[in-house]
Amino acid sequence: MTTAAVRTPVPSRSPTGPIPSFARRPVLLVAGAAVALLLAVAGRYGYFFDELYFRVAGEHLDWGYIDQPPLLPLLAKVQIALFGDHVWAIRVVPALLAGLTVVVAALVARELGGDRGAQTWTAIAVAGSPYPLWVDHLLQTAGVDILVWVTLCWLTLRMLRTRDRRWWVVFGAVGGIGLQSKNLVALLVIALLAGLVVAGDRDLLRGRHLPIGLGVAALLGGSAVLWQATHGWPQFAMADAIAASTLKSGWGTYLATFAPFVATLLGPFVAVVWLCGLAGFFRARWRPYRAVGVAFVVVCLLIAVSGGFPTYTAGFLPVLLAAGCVVAGDWARRGRRVVRTAVLRAAIGLNVVLVVAAGLPLVSPEALGHGFLFRLNPTLSRQVGWPELAGQVAAVYDRIPAVDRPHTAIVTGTFGEAGALDRYGPEHGLPPVYSGHNSYLGWGRPGPEVTTVLAVDLGPEITELFMRCEPPVPVADTAGARTITAGKTLVVCRDPRAPWSALWPRFGHTDLGY
């Protein structure tokens, strides 16, 4: 006697009714507008601090680096090969990532029962938020990370609705790609699994598909983890440096400011919207999806306990903003509909205007010197002043006697300075550039023929390593914009006190660099 296998039917309805159709045209229009805007301003300022690092790291491709997995250096190398060695060239993929994030966020709203209006407002709200707009203006690990987080949350919601465990395989593939960009995605996976155990459909955790999905993640992302394991887990040193930065004012200040910081990460005008979305996961209407709300709480707790940056929660926030747009859309349709709809539109509209004006390079670099935009978005000032730094380094180098120049090297305190001089130094005839910052330490050191060093922002301790050092020369803030190069010094030192093989480890340090 044989029995036919009975397959659990896949529901076609969300907890709030039939799942709506995808608002393809308005969502894609908004996503396309975001991509076009980012591409239009991609070359307005200069390279971001980290982009200069990725550019050089792309010439030293590896399975991992001290401070990151290998995906971003690979993207930098590929984009430069395709589009040329320009600042805008390495920002093409980030702009596309922003558009994809907008689309997936709208799919989250759809999964939660959001109609075409809710999906459209989600697309507008997410496209006009700092995450992804500010992040994807630049080539940063966070750009890939945010898209991965939003996608993993969408897949989890879809599994909770359809109860189709086969989505675990896709989940694992996306998570594995995320591991090649930022190890932080492991925290989200842990939180989502915890949410399913505490408040979700535990039946999704049974069967072979979850182990297969984890295997796919290990296959696609395991090389980056393996590199860390075989190199002494340098990422932990980076985590310690981050914790030291966030906790420099003490645990009390850190914990007191954590929640307000997270609440305003997407902009002040939509804070209530995404908080309503978070609350929605804990109401009866979305009871089947509560695991996602629990996962956000777990993420916040894990980040806070470890002393991580509050911005590490950013990948989750577009999901909550999408949920909030569904809740706000329902609220706007009740009671005084015209007034409520106007309030929702005004909140999202004002947020978009603020974020675009404060986060993208629309004003002249000189306007940054007034301080307001610098304090609101420091990444702007970290894109200004690099060519001027190269020019001033060249001026000091030209004063070195011609007989000493063949025996001169440049050593910088951070990978940003080293990357800037690698990019702009050749046009000034500058010698090779070295740095002990993070992975730069292993990309070469001065040879035995080097007896003179032009040190860029290495501090007074550099004088202990050489027999003679000239008085420091301050780097002028020629851009007048509180640039990242302002306040640094240039020092020429001669005759190292020991061979470079012995001296070079003393230049090594692992930290953020700013």
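Above this text you will find the structure in question.
Cut-offs applied
Residues numbered from 1 in each chain as written. Predicted model: local features only at pLDDT ≥ 70, side-chain atom pairs only at ≥ 80, totals over all residues. Heavy atoms only, no water. Helix = DSSP H or I, 4+ residues; strand = E, 2+ residues; numbered from the N terminus. Rg over C-alpha atoms; globule rule 2.2 N^0.38 Å. Buried < 20%, exposed > 50% of the residue type's maximum accessible area, 1.4 Å probe, protein only. Contact = heavy atoms within 4.5 Å. Areas by Shrake-Rupley, 256 points an atom, 1.4 Å probe, with all protein chains shown as cover. Lys, Arg positive; Asp, Glu negative; His and termini not counted. Charge placed at Lys NZ, Arg CZ, Asp CG, Glu CD. Core = buried A, V, L, I, M, F, W, Y, C linked by side-chain atoms within 4.5 Å. Expected span 1.5 Å × (residues − 1). Axes fitted to C-alpha atoms, helices over the stretch in contact; angles between N-to-C directions. Parallel < 35°, antiparallel > 145°, perpendicular 65-115°, else oblique. Nonpolar A, V, L, I, M, F, W, Y, C, P; charged D, E, K, R; others polar. Phe/Tyr/Trp six-rings, centres within 6.5 Å; stacked < 30°, edge-to-face > 60°. Lys NZ or Arg CZ within 6 Å of the ring centre and 35° of its normal. Left-handed = near helix turned anticlockwise from the far one by under 90°. Pairing = 2+ DSSP bridges.

Comments concerning the overall build of the protein chain
Here is step 1 of the chain: When helices and strands are counted, the protein chain shows 20 helices and eight strands.
Here is step 2 of the chain: Taking 24 Å as the expected radius of gyration for a compact globule of 514 residues, we find that the protein chain reaches 25 Å, a close match to that expectation.
Here is step 3 of the chain: C-alpha extents for the protein chain along the principal axes are approximately 90 × 60 × 50 Å.
Here is step 4 of the chain: Counting only residues that meet the buried cut, the protein chain has 55% of its 514 residues in that class.
Here is step 5 of the chain: Across the protein chain, every contact between residues at least 6 apart in sequence was considered, and the portion connecting residues at least 24 apart equals 76%.
Here is step 6 of the chain: For the protein chain, the computed accessible surface area is about 21600 Å², with 65% contributed by carbon and sulfur atoms.
Here is step 7 of the chain: One way to put it: in the protein chain the 42 positive side-chain charges average out to a point 18 Å from where the 30 negative ones average out.

Remarks on the nonpolar core
Here is step 1 of the chain: In this structure, Leu 152, Trp 274 and Phe 316 are the most contacted members of the largest nonpolar core, which totals 130 residues.
Here is step 2 of the chain: With residues up to four places along the chain from it excluded, the contact list for Leu 152 reads Phe 171, Val 174, Gly 175, Val 185, Leu 188, Val 189 and Leu 192.

Comments concerning the environment of Ile 462
Here is step 1 of the chain: With respect to the secondary-structure elements, Ile 462 resides in the loop between β5 (452-456) and β6 (466-469).
Here is step 2 of the chain: Along the chain, Ile 462 and Cys 493 lie 31 residues apart, while their C-alpha atoms are 8.2 Å from each other.
Here is step 3 of the chain: Each residue touching Ile 462, except ones within four places of it in the same chain, is listed here: Ala 455, Cys 469, Cys 493 and Phe 507.

Overview of helix α4 (residues 92-111)
Here is step 1 of the chain: Its 20 residues give α4 an end-to-end C-alpha distance of 29 Å, which sits within 8% of 28 Å, the value for a rise of 1.5 Å per residue.
Here is step 2 of the chain: Across the 20 residues that make up α4, a large majority, 17, are buried.
Here is step 3 of the chain: Two residues or fewer after α4 comes Gly 113, characterised by a positive phi angle close to 95 degrees.

Here's the deal with the packing of helix α7 (residues 141-162) against helix α8 (residues 167-179)
Here is step 1 of the chain: The N-to-C vectors of α7 and α8 enclose an angle of 170 degrees; their axes lie 10 Å apart at closest approach. Viewed along their axes, α7 and α8 adopt a mutual orientation that is roughly antiparallel. Residues Val 148, Thr 151, Leu 152, Leu 155, Thr 156, Arg 158, Met 159 and Thr 162 of α7 form the contact with α8, whose participating residues are Trp 167, Trp 168, Val 170, Phe 171, Val 174, Gly 175 and Gly 178.
Here is step 2 of the chain: Here the contact of α7 with α8 is built from residues that sort into nine nonpolar, five polar and one charged.

Here we look at the packing of aromatic side chains
Here is step 1 of the chain: Per the stated rule, a full pass over the model turns up 25 aromatic pairs.
Here is step 2 of the chain: Summarising the aromatic geometry, the rings of Trp 251 and Tyr 254 are spaced 5.7 Å apart at their centres and angled 85 degrees between planes, so their arrangement reads as edge-to-face. Of this pair, Trp 251 and Tyr 254 both sit in helix α12 (residues 251-263), three residues apart, which is roughly one turn of that helix.
Here is step 3 of the chain: Judged by its relative accessible area of 4%, Tyr 254 falls in the buried class.
Here is step 4 of the chain: With a centroid separation of 4.8 Å and 55 degrees between ring planes, the pair formed by Tyr 440 and Trp 443 is classed as tilted.
Here is step 5 of the chain: Classification of Tyr 440 as buried rests on a relative accessible area of 5%.
Here is step 6 of the chain: Ring-pair connections join several aromatic residues into one group, and the members of that group are Phe 49, Tyr 53, Phe 54, Tyr 65, Trp 386, Phe 415, Tyr 440 and Trp 443.
Here is step 7 of the chain: Positioned above the aromatic ring of Tyr 397, the side-chain terminus of Arg 405 is 5.8 Å from the ring centre.

Notes on the environment of Trp 227
Here is step 1 of the chain: Within the secondary structure, Trp 227 is located in helix α10 (residues 209-230).
Here is step 2 of the chain: Sequence-wise, Trp 227 and Ala 123 are 104 residues apart; in three dimensions their C-alpha atoms are separated by 38 Å.
Here is step 3 of the chain: The contacts of Trp 227, once residues within four sequence positions are left out, are Asp 62, Trp 63, Gly 64, Tyr 65, Ile 66 and Pro 234.

A word on the packing of α4 against α7
Here is step 1 of the chain: Two numbers describe how α4 lies on α7: the axes approach to 9 Å, and their chain directions differ by 20 degrees. With respect to their mutual orientation, α4 and α7 come out roughly parallel. Pair α4 / α7 crosses with left-handed handedness. On α7, the residues that touch Leu 97, Leu 100, Thr 101, Val 104, Ala 105, Leu 107, Val 108, Arg 110 and Glu 111 of α4 are Gly 143, Val 144, Ile 146, Leu 147, Val 150, Thr 151, Trp 154, Leu 157, Arg 158 and Arg 161.
Here is step 2 of the chain: Looking at the contact of α4 with α7, its residues break down into twelve nonpolar, three polar and four charged.

Describing helix α13 (residues 271-280)
Here is step 1 of the chain: Buried residues of α13: Ala 271, Val 273, Trp 274, Gly 277, Leu 278 and Gly 280, and no others.
Here is step 2 of the chain: Residues of α13 that are buried sit in contact with α12, α14 (290-306) and α15 (317-332).

Some details on the pairing of strand β8 (residues 489-496)
Here is step 1 of the chain: Where β5 meets β8, five bridges bridge the pair, whose relative direction is antiparallel. Across the sheet, residue Leu 454 finds its bridge partner in β8, namely Val 492.
Here is step 2 of the chain: Across two bridges, the pairing between strand β7 (residues 473-474) and β8 is antiparallel. The residue bridging Val 473 from the neighbouring strand is Leu 490, located in β8.

Thoughts on unusual backbone geometry
Here is step 1 of the chain: Residues other than glycine seldom take positive phi values, yet Trp 233 does so here, at roughly 50 degrees.
Here is step 2 of the chain: Tracing the chain through its elements places Trp 233 in the loop between α10 and α11 (234-246).
Here is step 3 of the chain: Although it is not a glycine, Asp 495 adopts a positive phi angle of roughly 60 degrees.
Here is step 4 of the chain: Assignment of secondary structure puts Asp 495 in strand β8.

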